[in-house]
Amino acid sequence: MNNADENHSLEAGEIARFLSYIAILAASVALYLSAEHIPSSRFEVLGAAAFPRFVFAAIFLIAVIAIVDSLRKIPGHAWGRFGSEVQHWLKTRYLVIVCFVVFAAYLLLVPILGFSIASFAFVFGLQLILMPRKPLTLLVAVLVALAFSFGLNAMFAEFFNVFLPRGDFLNG
Amino acid sequence: MGDFLTALVQIFAVSTLLYMLVGSVAGIIAAAIPGFTVTMAIVLTLPLTFTMEPLQGVAVMLSVYVGGLTGGLISAALLGIPGTPSSVATTFDAFPMARKGDPGRALSLGVWASFFGTLISTLILVVAAPPLAIFAVKLGPWEYFSLIVFALTIVASLVGASVIRGLLAGLIGLAISTVGADPILGRPRFDFGIEMLETGLPFLVVLIGIFAISQLLSEVEDSRTVRSGAKLVTDAIDFKTWKVMKEVLMSPVNLIRSSVVGVLIGALPGAGGSISNLVAYDQAKRASKTPEVFGTGTPDGVIASEAGNSATAGGGLIPLIGLGIPGSAVDAILMASLMVHGISVGPRLITDHGDLVYGMFIAMAVASFMMLIVSVLSMRLFLRVAEVPKWLIVPTVLTCCVVGSFALNNRVTDLYLLGIVGLVGYALRTLGYSLAPLVLGVILGPIAETNLRRALMTDSDPTQFLTRPISLIFLIAAVMSIGWAIRSHLKTNKMNGVKDANAS
């Protein structure tokens, strides 16, 4: 990556941070206003809404400072390149996206398939995505997937009396 | 003397030592798994001690406790994921040290610091239990709130590269702690009718999501190194146990200061290892002549964090033994185990059951030696984690995170929360937000709110915070802490300015 590319990337990063400040600011305003609906108490001076309101007001204040500071750092021409920089960033991080999608699918499947089956599919599947594919690594992947799915489930049930989700699929 | 000898005989019985050894191993392993706290390990141990003699049972639980306080170090140093909340600050320097090719030194530093921290806390426990217990109990909600205000100023030294983003992260942590039923009257807040938000965001799920999931996702950012079968640590692992022991002993001030911080925080009911490691780290950084090296893999950071969290074990026993008040959840379980055997824990414990109290002191010291032996002997095994390729470690640790999050409350909704928090954590990490202030906010938020409201319910006059001497001392310390942080940041900016000017 040359100097110009690096500068473009840093500028895009600052724009992304600027957008995060805006999101945080909007959330703090919305939550501050929603704290109005928390019922007050006649037994205490502050009530349940006071502390959150104080926190959201502080977030608002700091977010405003952050936005002003960020706007100062972003050159005008950087905005035009932001879309293409984001695309490039997503392209270089595709493995992170794949990993998270697989992980999210796993979390959703645990209550349906049960811990053991979902974990076996997840651990084996993700290893398959990430590993250099050779016969030996495939064998290791299967053994590890078995240990961290059915093995882990049996260990928790036997030794700790912690019963991991059995799954609607197995419960009928 | 008779009580002491009776206790000595009971602790050094072969069966007790064997049970303690098993307890120490179990504590280390449980805490090394992200999401498994020391408290959970002790809860699981409790039923097993019902058939034992009271002292034997307590000794086993203490060895699980001491082992657990050290075990969190393993995943913190090797994976950058705090195994327990009490090893959050350990990740700041132990992980960079491991990544620079020195995982053996990072682990050894942590183990030795934990060992000395536990021993120092035991010594303080023996000498100062009665007076410290009376002091801790005299603190009212005013003093607690002021103490938490002081603790929150730690954010100033954890902000990382950007003060603004660090402050925002700390405040987001405080905001997260306000979700769910309010801590005084139980009124619902910010749940928007969503069932999983009604009881609030479980601290451990937030911790695992923020640190573990985001760290594991960042491990697979470079697809070429992952697919080539790269290991977490690529350099040769050097194991420097005895050299590191000398290194730890060469930092006596840091070691003693961090241990005293751990004891004091451990002695305060409600506080514990999750706060003490951060406070000890903060104090070490402030006292250092080179604070800028903290966070890059400096040994002082590892020593402070590990000595600080391990010393809470002795600190927590102070109010328990002195007054019968458990300082933490773990101490409450220890108390329960004694009550199961018909022993009432209170101010008369020392006079009525002297052998038991002496036995607890001896058990603490023995447990710290057990932890040291187990850790030193098994360190080579733990260091193998650093040799495991990323394609194997990422899916398996993600599965452990899922188990840890589920086992906490047996709730499937916590898993969905884990996914969401993990994604947010990765986004914040990528955008350059420091994650430590966020976790600190989540820990301290409920304690700050509870004590602020309780203080004003007791007396609506807010000047009480300034007129009560101990509260005032904490508030002055907070102001001084902020002043120090501003001075330090200005100094760093000035130095960077000079460097830039020289470079151009």
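The shown structure was predicted, so the numbers you read here are calculated from the model rather than taken from an experiment.

K.L.:
What is the right way to read the interface of chain B and chain A from this model?
P.N.:
Between chain B and chain A, the contact holds 60 residues from the first and 64 residues from the second. In this structure, the connection of chain B to chain A is made through one salt bridge. In this structure, the salt-bridge partner of glutamate 221 of chain B is arginine 93 of chain A, at a minimum N-O distance of 3.5 Å. Run the count over chain B and chain A and you get four residue pairs in polar contact (both at pLDDT 80 or more). Those elements giving two or more residues to the side of chain B that touches chain A turn out to be helix H9 (163–177), helix H11 (203–219), helix H12 (223–227), helix H20 (390–409), helix H21 (413–430) and helix H22 (435–458) of chain B. Per element, the largest residue contribution to the side of chain B that touches chain A is twelve residues, and it comes from H20 of chain B. Here the side of chain B that touches chain A is built from residues that sort into 40 nonpolar, twelve polar and eight charged.

K.L.:
Teacher, can you tell me more about the pattern of salt bridges here?
P.N.:
According to the stated counting rule, one finds 15 salt bridges over all chains in the structure shown. A salt bridge links arginine 81 of chain A to glutamate 11 of chain A, with the shortest nitrogen-to-oxygen separation between them at 2.7 Å. Taken together, the residues arginine 81 of chain A in helix H3 (residues 78–92) and glutamate 11 of chain A in helix H1 (residues 3–34) connect sequence positions 70 residues apart. With relative accessibility at 23%, the residue arginine 81 of chain A sits in the partly exposed group. The partner of arginine 189 of chain B in a salt bridge is glutamate 449 of chain B, and the shortest N-O contact between them spans 2.6 Å. Linking arginine 189 of chain B in the loop between H9 and helix H10 (195–198) with glutamate 449 of chain B in helix H22, this pair joins segments that are 260 residues apart in sequence. In this structure arginine 189 of chain B comes out as buried when scored by relative accessible area, which is 1%. Here glutamate 449 of chain B falls in the buried class, since its relative accessible area comes to 1%. Here the salt bridges share partners, and the residues they tie into one network are Asp182, Arg189, Glu449 and Arg453 of chain B.

K.L.:
Got a minute to help me understand the environment of glutamate 53 of chain B in this structure?
P.N.:
Within the secondary structure, glutamate 53 of chain B sits in the loop between helix H3 (38–45) and helix H4 (54–78). Residues glutamate 53 of chain B and leucine 147 of chain B, 94 residues apart in the sequence, show an inter-C-alpha distance of 39 Å.

K.L.:
Quick question: what am I supposed to make of the state of the cysteines here?
P.N.:
By definition, a disulfide links the sulfur atoms of two cysteines through a covalent bond. Residues and elements named next belong to chain B. Counted by the stated rule, this structure contains zero disulfides over all chains. No disulfide involves cysteine 400; its nearest neighbouring cysteine sulfur is the one of cysteine 401, lying 7.0 Å away. Relative accessible area serves as the criterion here: at 0%, cysteine 401 is assigned to the buried category.

K.L.:
Would you mind showing me how to read the confidence of the model for chain B here?
P.N.:
Close inspection of predicted coordinates is inappropriate in any region flagged by low pLDDT. Residues with a pLDDT of 70 or more make up 88% of chain B, whose mean pLDDT is 82. The least confident element of chain B is helix H8 (residues 155–158) of chain B, whose mean pLDDT is 68; the most confident is H21 of chain B, at 93.

K.L.:
Any chance you could explain the layout of surface pockets here in plain terms?
P.N.:
The gaps of empty space that remain are located by a probe, the size of a water molecule, rolled over the atoms. Considered as a void within the structure, the second largest pocket measures approximately 1,300 Å³ in volume. Looking at the second largest pocket, it is lined by 43 residues, and the ones nearest its centre are Met155 of chain A together with Ala26, Ile29, Ala30 and Ile33 of chain B. Elements represented by at least two residues in the lining of the second largest pocket include exactly helix H6 (135–160) of chain A together with helix H2 (14–32), H3, H4, helix H19 (354–383) and H20 of chain B. Across the lining of the second largest pocket, the residue classes tally to 37 nonpolar, five polar and one charged.

K.L.:
How should I be thinking about the side chain of glutamate 14 of chain A in this particular structure?
P.N.:
All names here are of chain A. For glutamate 14, the location among the structural elements is in helix H1. What makes glutamate 14 buried here is its relative accessible area of 9%. Sequence-distant contacts of glutamate 14, that is, excluding residues within four places in its chain, are made with Ser70, Lys73 and Ile74.

Conventions used here
Residues numbered from 1 in each chain as written. Chains lettered and ligands numbered in written order. Predicted model: local features only at pLDDT ≥ 70, side-chain atom pairs only at ≥ 80, totals over all residues. Heavy atoms only, no water. Contact = heavy atoms within 4.5 Å. Salt bridge = Lys/Arg side-chain N within 4 Å of Asp/Glu carboxyl O. Polar contact = N/O pair within 3.5 Å; in protein donor to acceptor, adjacent residues only side chain to side chain. Helix = DSSP H or I, 4+ residues; strand = E, 2+ residues; numbered from the N terminus. Nonpolar A, V, L, I, M, F, W, Y, C, P; charged D, E, K, R; others polar. Buried < 20%, exposed > 50% of the residue type's maximum accessible area, 1.4 Å probe, protein only. Disulfide = S-S within 2.5 Å. pLDDT = per-residue confidence, 0-100. 1 Å grid on protein atoms, 1.4 Å probe; cavity = no way out; pocket = protein on both sides within 12 Å on 5 of 7 lines; lining within 4 Å. Points joined across faces, edges and corners; volume = space filled by probe spheres on them.

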